Number of protein chains: 2
Amino acid sequence: MDIYQLRYFLAIVETGNFSRAAERSFVSQPTLSTGIKKLEAELGTTLFSREARKISLTEAGRRLLPHARTIIYECNAAKSEVSRRSPLRRLQLGLLRTAPTQRISALVNDFAKAHGDIQISIKEGAAAQLQRWLDEGRVNVALSIRPETESGLSFARLYRWKYMLAIPTSHSFASRSLIPLAELDRLDFLHRTHCEAESELTRAFANAGVSPNIVFRTDQDDKALALVSAGLGLCMMPDILSAPGIALLPVDGINIGRSIGLLWRKTEENDLIRSFQMFATSHGWYPERSGNKNLAWAR
Amino acid sequence: MDIYQLRYFLAIVETGNFSRAAERSFVSQPTLSTGIKKLEAELGTTLFSREARKISLTEAGRRLLPHARTIIYECNAAKSEVSRRSPLRRLQLGLLRTAPTQRISALVNDFAKAHGDIQISIKEGAAAQLQRWLDEGRVNVALSIRPETESGLSFARLYRWKYMLAIPTSHSFASRSLIPLAELDRLDFLHRTHCEAESELTRAFANAGVSPNIVFRTDQDDKALALVSAGLGLCMMPDILSAPGIALLPVDGINIGRSIGLLWRKTEENDLIRSFQMFATSHGWYPERSGNKNLAWAR
DNA sequence: ATCCATCCATAGATATTATCAATAGCTATG
DNA sequence: CATAGCTATTGATAATATCTATGGATGGAT
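In this convention, every chain numbers its residues from 1, walking through the sequence in written order. A letter from A marks each chain and a number from 1 marks each ligand, given out in the order of writing. Local features in a predicted model are, by the rule used here, given only for residues with pLDDT of at least 70; side-chain atom pairs are given and counted only at 80 or more, and totals for whole chains, interfaces and linings are based on all residues. Side-chain numbers come from the whole structure's heavy atoms, not from hydrogens or water.

Digging into the packing of helix α1 (residues 3-15) of chain A against helix α4 (residues 59-82) of chain A
When two helices pack together, you describe them by how their axes are tilted relative to each other and by the distance separating the axes. Residue and element names in this part refer to chain A. Basically, it comes down to this: Helix axes are fitted to C-alpha atoms over the stretch in contact, other axes to C-alpha atoms as well, and angles between N-to-C directions run from 0 to 180 degrees. Only DSSP runs of H or I with at least four residues qualify as helices, and only runs of E with at least two residues qualify as strands; both kinds are numbered from the N terminus onward. Oblique is the label for every angle not falling under 35 degrees (roughly parallel), over 145 degrees (roughly antiparallel), or within 65 to 115 degrees (roughly perpendicular). Crossings are assigned a handedness: left-handed for a near helix turned anticlockwise from the far helix by less than a right angle, right-handed for a clockwise turn. Residue contacts follow a heavy-atom distance rule, with two residues in contact if any of their heavy atoms lie within 4.5 Å. By the convention adopted, Pro, Cys, Tyr, Trp, Phe, Met, Ile, Leu, Val and Ala count as nonpolar, Lys, Arg, Asp and Glu as charged, and the other residues, Gly among them, as polar.
Axis separation between α1 and α4 bottoms out at 9 Å; the angle between their running directions is 120°. Viewed along their axes, α1 and α4 adopt a mutual orientation that is oblique. Handedness of the α1/α4 crossing: left-handed. Residues Ile3, Leu6, Arg7, Phe9, Leu10, Val13 and Glu14 of α1 pack against Gly61, Leu64, Leu65, Ala68, Arg69, Ile71, Ile72, Cys75, Asn76 and Lys79 of α4. Of the residues that constitute the contact of α1 with α4, the class distribution is 11 nonpolar, two polar and four charged.

Written out as structure tokens, the structure is:
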């Protein structure tokens, strides 16, 4: 497989015609014929069905097409990005699926706004898969937990959170600074089904003989926040999630936390990664410092 | 630029050494040297800084790296996907940014679950950009509105919705089947800031001399739904958004709707696109038919 | 200091091949 | 049947990817 062959291939797809594709590629028509023939030989299938006066893609050709497009696109992007003094334009970000989405999407949105010309693409996955993607170069940077094995990756911790009790500010608990776990027995609770620490929290409750009354289950933090603020129940949440109308209090007997940071390959650190790291580090985690007005509630 | 040169480049990056990279690539060491030299000449920069006993990537090299990785990855993927009878494995989906996210993410999630081996990547954008991406082959399929100009694209309408009044089921309106617009004057309302029809709705209200009292603004449908169900205000919403505790009623004097469907290039229709289209068509739009249990609330 | 091992660059030769011009073969159309 | 429009084949040629052999540079070992 060769790049020039893929260029021929695309030219034929786009002109629908070997001869015109040859013109467009500034080569003779036989050159194109043999080029495609070689490509077909290597792939072991025909790519075009040559009927009289009309050629069309075969199923194999249709399968090749998106790859060919991507490859040619990448070649052009590489040329224009490598040599010039132009800034880097593409951040491929890996995202831990269990991470708190709202705050991270605020970070990514703000970064995108601050660097309007940068293309950001996001892939979600589990921690192990993110590491694999980093190794394979499928992503540039990952937002994930610190990897256990040392493997050529740099880690910069960004955020750390503890799980606390979310209550409406109008609740009688709101004036207190620490809630004994035992007082939560039989109270109405919301369950954040997507939270990866939820099982640990449930265990902690059970060990203390406390059984909350689960009123709702949801896999979305916004919904949970809105329902807590509307007074439908309490909820254990990362202290970084917050909203007007909600107070977060530590619970005596619960000390569960997580931390998350940026991961990238040491050898492949570049301007863009550095700039994203700096942005993320200085990006306020707590809502009063967060710049994303769209996520704020307004009267 | 040539594929073999990029392979050499990657081999050097991964071995950190010309000689070992040559072994790994089954060529002689001078072959590698001249290959890289040529690549450097074409790109107009050096890619490696050759210090004694130690080579490292230059900034230009670091910029090239992700492109090179993508290109080689795509070449391999193309080979393994084109010839064999293997099913297609990658769906590049374009998503209209103003589309109702919740329902669409349910569709995509369900499709991903049903075809566990398929990689799905999503790009969001405005309608015009989605069309451009389709043309450039950056996405396979787009979920968007019907394009105005005929341009080699197929369109299959999937969903159509009208904007209706969302109220809590406990509300006094709930027993009625049609609400006159005039009755909404001065009532508490939520504003869905991200909704692209919101300005048209606001105009309709204003034309009728009705001025609702905006209590909250949010850019997230879940939050809006939760707040309506908690009784904090009413909201104009697509009738496809629904949740327990919420009723949707038509408003007399408001007849605003939208429709959305799949877009793809006629000439590039393939197994995967067909299968996604069939899945999307048969995927229940209304919640009682939707298969995604994660999005449902449970007591 | 000297020698040696390691590593990358250069030179010249060779086999491969991308390309070309010319032409043959095919198929609709008038 | 002739013609126009298209792709495939052929044989020649220029370009080049690769090879072996060698030079030059550097750092560690004796």
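Some thoughts on the pairing of strand β3 (residues 90-96) of chain A
Residues and elements named next belong to chain A. Applicable threshold: Burial status follows relative accessibility: with a 1.4 Å probe on protein chains alone, a residue under 20% of its type maximum counts as buried, one over 50% as exposed, and anything between as partly exposed. Each pair of strands is called paired provided DSSP finds at least two bridges between the two strands.
Burial analysis of β3 places seven of its seven residues in the buried class, which makes it a mostly covered element. Alternating residues of β3 divide into Arg90, Gln92, Gly94 and Leu96 and Leu91, Leu93 and Leu95, and every residue in both groups is buried. Bridging between β3 and strand β4 (residues 119-125) involves seven bridges; their strand directions are parallel. Residue pairing in the sheet places Leu96 in a bridge with Gly125 of β4. Looking at chain direction, β3 and strand β5 (residues 141-144) are connected through three bridges and run parallel. Each bridged residue has a counterpart across the sheet, and for Gly94 the counterpart in β5 is Ala142.

Structural notes on the relation of the copies chain B and chain A
Note the following rule: In this comparison the copies share one frame, found by least squares on the C-alpha atoms of residues holding pLDDT of at least 70 in both.
Structural alignment of chain B on chain A gives an RMSD of 0.2 Å, achieved by rotating through 179° and translating 0.0 Å along the axis. The superposition operator between the copies reduces to a two-fold rotation axis. When you check the interface residues of chain B against chain A, 100% turn up at the interface there too, and the contact is symmetric in its surfaces.

What to know about the domain arrangement of chain A
Where we set the bar: The split into domains, and so the bounds of each, comes from an automatic or database assignment of domains.
Per the domain assignment, the segments of chain A are domain 1 (3-82), domain 2 (90-159 + 258-295) and domain 3 (162-256). Each of domain 1 of chain A and domain 2 of chain A has a C-alpha centre, and these two points are 37 Å apart.

Focus: the protein's contact with DNA strand C
Counted only if it meets this: For this description, a residue counts as near a given molecule or strand if any of its non-hydrogen atoms is within 4 Å of it. Whenever two N or O atoms come within 3.5 Å, that pair is a polar contact, provided that in protein one can donate a hydrogen and the other can accept it, and provided that, for residues adjacent in sequence, both atoms are side-chain atoms.
Around DNA strand C, 21 residues are found, and the nearest of them are Ser28(A), Thr31(A), Lys38(A), Lys37(B) and Arg50(B). Of everything in DNA strand C that lies within 4 Å of the protein, sugar and phosphate atoms constitute 73%. Within the backbone of Phe18(B), one N or O atom sits 2.9 Å away from a phosphate oxygen of DNA strand C. Take Ser33(B): an N or O atom from its side chain is 2.8 Å from a phosphate oxygen of DNA strand C. Put simply, the parts of the chain that give the surface near DNA strand C at least two residues each are α1 and α3 (29-43) of chain A together with α2 (18-25) and α3 (29-43) of chain B. Classifying every residue of the surface near DNA strand C gives eight nonpolar, seven polar and six charged.

Looking at helix α8 (residues 221-229) of chain A
Side chains that are three or four residues apart share a direction in an α-helix, a result of its 3.6 residues per turn. All names here are of chain A. Within α8, eight of the nine residues are buried, which leaves it mostly tucked inside the rest of the structure. Among the residues of α8, Asp221, Asp222, Lys223, Ala224, Leu225, Ala226, Leu227 and Val228 are the ones counted as buried. Once α8 finishes, Gly231 follows within two positions and takes phi at roughly 85°, a positive value.

Re unusual backbone geometry
Residue and element names in this part refer to chain A. The phi dihedral of Phe26 is positive, around 60°, even though this residue is not glycine. By relative accessible area, Phe26 is classed as exposed at 79%. Located in the positive-phi region is Arg186, a residue other than glycine, with phi close to 70°. Along the polypeptide, Arg186 turns up in the loop between β7 (179-180) and β8 (188-192). Judged by its relative accessible area of 66%, Arg186 is exposed.

Some details on the nonpolar core
This is how it is decided: The definition of a nonpolar core used throughout is a set of buried Ala, Val, Leu, Ile, Met, Phe, Trp, Tyr and Cys residues joined through side-chain atoms within 4.5 Å.
Ranked by internal contacts, the top residues of the largest apolar core, which has 56 residues, are Phe9(A), Leu64(A), Phe9(B) and Leu64(B). When sequence neighbours within four positions are dropped, the list of residues in contact with Phe9(B) reads Ile36(B), Leu39(B), Leu47(B), Phe48(B), Leu57(B), Gly61(B), Leu64(B), Leu65(B) and Ala68(B).

Brief notes about the protein's contact with DNA strand D
Close contacts around DNA strand D come from 20 residues, with Phe18(A), Lys37(A), Ser28(B), Thr31(B) and Lys38(B) the closest. Backbone atoms, meaning sugar plus phosphate, form 67% of the atoms of DNA strand D positioned within 4 Å of the protein. Within the contact set of DNA strand D, a base nitrogen lies 2.9 Å away from a side-chain nitrogen or oxygen of Gln29(A). Note that a phosphate oxygen of DNA strand D is positioned 2.8 Å from one of the side-chain N or O atoms of Tyr8(B). Contributing elements (two or more residues each) for the surface near DNA strand D: α2 (18-25) and α3 of chain A together with α1 (3-15) and α3 of chain B. Looking at the surface near DNA strand D residue by residue, the class counts come to seven nonpolar, seven polar and six charged.

A word on the side chain of Arg69(B)
Residue position: Arg69(B) is located in helix α4 (residues 59-82). Given a relative accessible area of 6%, Arg69(B) falls into the buried group. Side chain to side chain, Arg69(B) and Glu268(A) meet in a polar contact 3.0 Å long. Other than its neighbours up to four places away in sequence, Arg69(B) contacts Asp135(A), Glu136(A), Gly137(A), Arg265(A), Glu268(A), Leu10(B), Val13(B) and Glu14(B).

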